[in-house]
Amino acid sequence: LQTTFSGNFLALFGSGTVPRRFTLREALECFLDFRFTTIRNKCVFQLDKVENRAHIVEGLLIALEYADEVIEIVRNAPDMGAARAALMDEENSKFCLSSTQADAVLKLQLGQLTRLNGNKLTDEKNTLSESQANLQNLLTNDAAVRESMVEDFDRLKKKYATPRRTKILPDEDEKMEIDLVQNERSVIIVTRGGYIKRMPLKTFESQNRGTRGKKGTSSGNTADISDDNEIAHCFTCNDHDTILMTTQGGIAYGLRAYQVPEGGRTAKGAPIPSVLPLRADDIITSVLPVSQFSKDEFIVLATEFGWIKKTPLAAFEKLTSRGLIIASLVDGDRLNWCEKCTDADDILVGSTRGQATRFAASSMRPTARTSRGVKSMTLKKGDTIADMNILSGDKDQCLLVVTTEGYGKRIRTDEFRTTARGGSGVIAIKFKAGRVNDRVSTIRVVNEEDEVLLITSQGVIVRQKVKDISCQGRSATGVLVQKVDVKSGDSISTVSIVPKEAVDGSA
């Protein structure tokens, strides 16, 4: 009972010459269609037999009605052919039998020409008439065929559905799969091409600020880099955590971290459809490790166009890899962020043009999973949301702001005062002179003892200490955090915070 196996429903479809791979539902529907056609064909065959028998019975009843004339014709006929011709004579209004009826009459024995036998034939004729009407109804009425199918299935169930003779009892010493997996720290990477992999955190050692780092995924030469290898998401978690993955289409999936296939540092990873039933046109846009589902916590979801909503975390406790709809989106919008919070926290939302706004989480009322939410901040034309963070009120925390061209800084969280939700916000960073295409990539809450993983779109990863990045004011342009080959089209795509316990564990 602890062994699973995959099934490949590959069968010949239609005329029996076209191979097709079926899902379970399609296989059942194909079987029902086959049963429907079989019953119809069976009815055609049975109706032909009933009509032929009814025709013969009708001739036998005529013979019994004129038994004396029949006996006289047979007695005076010189042979069997003459007797058959006399019974089939069209000028004889009493008989005028068909060839089949005449043969049946001539095969009768003299003892069968009795009143009792006539009553049996009359009853048989009535029964055949009822059968003929029922078969005609099955041939013309689809609902009657389906009712017949249900009756057949019920009959098979009563005949073969014997109760289980064994009992499955819980074993106190039984080990679950999660009990056999060590709860270690890991890095999980999701690429834009739809690949996912898990690596031990100790794979990446700490480096100095300003270095180019090492590869965290395969990409070959710079000229050969494809969209499949661009890093879309990178996060650290425990192997026993539940990974909440949300897609840009507003669907959430849940699975344990250890269920993600492990891969090497330069491995491409496993296709996401082999891990989750992800639609071909949907993309993973946010990931969140959850250790436990607390009743006092909420999930905050934010979209690229600035919509935001708050849903109780307990609503996602039974989330599985099959997925659930968690947000209704307008045309062109994408669900990009998913974070945990409480009513005592504040929410900070930043835009790609360097603006940021802070408001209380309690100002938002909890909504259902499928609602769209409310507006988080007012965006200027061409501006979109760059990141969303949860502020717990710790004054020692700072915001790490990193731009797509590799510049960044730390800002104290108390420089952003709490305002009403929906405002245009204040300046979070100014861009370097001449960097007209530079945009904010990440605005992330960090502590001084934290370390960060910076990942570019071409898969280059740098791990460095947060304290090596200077703390500046909101209007400062920051320092060079990572060298980015802008000319080749590279840019900072993801920044992941490595918690303190993970740093200590990998030292």
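Only a predicted model underlies this, so the values are computations on that prediction, with no experimental measurement involved.

Visitor: Quick question: what am I supposed to make of the packing of helix α3 (residues 80-87) against helix α4 (residues 99-106) here?
Guide: Two elements in contact, α3 and α4, have axes whose closest approach is 9 Å; the angle formed by their N-to-C orientations is 125°. Taken together, α3 and α4 sit at an angle that is classed as oblique. The interaxial crossing formed by α3 with α4 has right-handed handedness. Facing α3, whose interface residues are Met 80, Ala 83, Arg 84 and Leu 87, α4 presents Ala 102, Asp 103, Val 105 and Leu 106. Considering only residue class, the contact of α3 with α4 consists of 6 nonpolar, no polar and 2 charged.

Visitor: Help me understand the side chain of Asp 450, please; the structure alone is not making it clear to me.
Guide: Looking at where Asp 450 falls in the secondary structure, it is placed in the loop between β22 (440-446) and β23 (451-456). Polar side-chain contacts of Asp 450 include one of 2.9 Å to the backbone nitrogen of Asn 447.

Visitor: Mind showing me how you'd approach the pattern of salt bridges here?
Guide: When the charged atoms of two side chains with opposite charge come close together, those side chains can pair. Applying the stated criterion across every chain, the model contains 15 salt bridges. When the shortest N-O distance is used, the salt bridge between Arg 198 and Asp 239 registers 3.8 Å. In this pair, Arg 198 is assigned in strand β4 (residues 195-200) and Asp 239 in the loop between β6 (231-238) and β7 (242-247), connecting sequence segments 41 residues apart. Each member of the pair, Arg 198 as well as Asp 239, carries the same accessibility label: buried. Two residues, Glu 405 and Arg 435, come together in a salt bridge whose shortest N-O distance is 2.9 Å. One end of the pair, Glu 405, is in the loop between β19 (398-403) and β20 (407-412); the other, Arg 435, is in the loop between β21 (426-427) and β22, and 30 residues separate them in sequence. Its relative accessible area of 31% is what places Arg 435 among the partly exposed residues. Residues participating in the shared-partner salt-bridge network are Arg 35, Asp 152 and Arg 155.

Visitor: Where do I start with the sheet that holds strand β25 (residues 479-480) in this structure?
Guide: In sheet architecture, strand pairing relies on hydrogen bonds along the backbone and comes in two forms, parallel and antiparallel. In spatial order, the strands read β22-β19-β20-β25; together these 4 strands make up an open sheet with antiparallel pairing. Two strands bound the open sheet, and with one partner strand each, they are β22 and β25. Sheet topology places β19 next to β20; 5 bridges connect them, and they run antiparallel. Each residue of the ladder has a partner; that of Leu 399, found in β20, is Ile 411.

Visitor: What am I meant to see in a nonpolar patch on the surface here?
Guide: Where nonpolar side chains cluster on the molecular surface, the patch consists of Phe 31, Leu 32, Phe 34, Phe 153, Leu 156 and Tyr 160 and spans about 600 Å² of accessible area. Only α1 (24-65) and α6 (142-160) provide two or more residues apiece to the nonpolar patch. Take Leu 156: it is sitting in helix α6. Here Leu 156 falls in the partly exposed class, since its relative accessible area comes to 45%.

Visitor: What should I look at first to understand the nonpolar core in this one?
Guide: Within the largest apolar cluster, 29 residues are counted, with the highest numbers of intra-cluster contacts made by Leu 60, Val 70, Leu 87, Phe 95, Val 105, Leu 121 and Val 145. Counting only elements with at least two residues in this core, the list comes to α1, α2 (67-76), α3, α4, α5 (115-140) and α6. Broken down by element, this core gets its largest block of residues, 11 residues, from α1. Membership of the second largest hydrophobic core comes to 18 residues, among which are Val 190, Val 275, Leu 276 and Leu 278.

Visitor: Would you explain a negative patch on the surface in this entry?
Guide: A grouping of Asp 394, Asp 396, Glu 448 and Glu 449 is seen on the molecular surface, where their side chains present a negatively charged patch. Take Glu 449: it is sitting in the loop between β22 and β23.

Visitor: Honestly, the sheet that holds strand β14 (residues 335-341) in this entry has me stumped. Any pointers?
Guide: Strand order in the open sheet formed by 4 strands is β14-β11-β12-β17, and the pairing between neighbours is antiparallel. The sheet is open, and its two edges are formed by β14 and β17 (374-375), each paired on a single side. In the sheet, strand β11 (residues 298-303) pairs with strand β12 (residues 307-312) via 5 bridges, with the strands oriented antiparallel. When the sheet's bridge partners are listed, Val 300 is paired in β12 with Lys 310.

Visitor: Which parts of the structure should I look at to understand the pairing of strand β18 (residues 385-391)?
Guide: Each regular strand displays side chains that alternate between the two surfaces of the sheet. Across the 7 residues of β18, 7 count as buried, placing the element largely inside the fold. Pairing of strand β15 (residues 346-351) with β18 involves 6 bridges; the strand directions are antiparallel. Its bridge partner lying in β18, Leu 348 is registered against Asn 389.

Visitor: It is not clear to me how the packing of α1 against α6 should be interpreted in this structure. Could you clarify?
Guide: To characterise two packed helices, one gives the angle between the axes of the helices and the distance between these axes. Viewed as axis vectors pointing N to C, α1 and α6 meet at an angle of 110°, and their least axial separation amounts to 10 Å. Compared by their axis directions, α1 and α6 come out roughly perpendicular. Seen from α1, the contacting residues are Phe 31, Leu 32, Arg 35, Phe 36, Ile 39 and Arg 40; seen from α6, they are Asp 142, Val 145, Ser 148, Met 149, Asp 152 and Phe 153. Of the residues in the contact of α1 with α6, the class split is 7 nonpolar, 1 polar and 4 charged.

Visitor: I tried to follow the packing of aromatic side chains on my own but got confused; where do I start?
Guide: Centre-to-centre distance and the angle between the planes together describe a pair of aromatic rings. Per the stated rule, a full pass over the model turns up 1 aromatic pair. One Lys or Arg, Lys 310, reaches over the ring of Phe 298 and ends 4.7 Å from the middle of that ring. Cation over ring: Arg 372 sits above Trp 307, and NZ or CZ is 4.0 Å from the ring centre.

Visitor: Explanation requested: α2 in the structure shown.
Guide: Given 3.6 residues per helical turn, the α-helix brings residues three or four places apart onto the same face. Every buried residue belonging to α2 is among Ala 67, Val 70 and Ile 73, and all of these are buried. Here the buried residues of α2 occupy an arc of 130° about the axis, which is enough to place them on one side. Structural note: α2 exposes Asp 68, Arg 75 and Asn 76 on the side pointing more than 90 degrees away from its buried face. Among the structural elements, α1, α3 and α4 are those in contact with the buried residues of α2.

Criteria and cut-off values
- Residues numbered from 1 in each chain as written.
- Predicted model: local features only at pLDDT ≥ 70, side-chain atom pairs only at ≥ 80, totals over all residues.
- Heavy atoms only, no water.
- Axes fitted to C-alpha atoms, helices over the stretch in contact; angles between N-to-C directions.
- Helix = DSSP H or I, 4+ residues; strand = E, 2+ residues; numbered from the N terminus.
- Parallel < 35°, antiparallel > 145°, perpendicular 65-115°, else oblique.
- Left-handed = near helix turned anticlockwise from the far one by under 90°.
- Contact = heavy atoms within 4.5 Å.
- Nonpolar A, V, L, I, M, F, W, Y, C, P; charged D, E, K, R; others polar.
- Polar contact = N/O pair within 3.5 Å; in protein donor to acceptor, adjacent residues only side chain to side chain.
- Salt bridge = Lys/Arg side-chain N within 4 Å of Asp/Glu carboxyl O.
- Buried < 20%, exposed > 50% of the residue type's maximum accessible area, 1.4 Å probe, protein only.
- Pairing = 2+ DSSP bridges.
- Patch = residues over 30% accessible without salt bridge, like charges linked within 9 Å, V, L, I, M, F, W, Y side chains within 5 Å.
- Areas by Shrake-Rupley, 256 points an atom, 1.4 Å probe, with all protein chains shown as cover.
- Core = buried A, V, L, I, M, F, W, Y, C linked by side-chain atoms within 4.5 Å.
- Lys, Arg positive; Asp, Glu negative; His and termini not counted.
- Charge placed at Lys NZ, Arg CZ, Asp CG, Glu CD.
- Phe/Tyr/Trp six-rings, centres within 6.5 Å; stacked < 30°, edge-to-face > 60°.
- Lys NZ or Arg CZ within 6 Å of the ring centre and 35° of its normal.
- Arc of directions from axis to C-beta.

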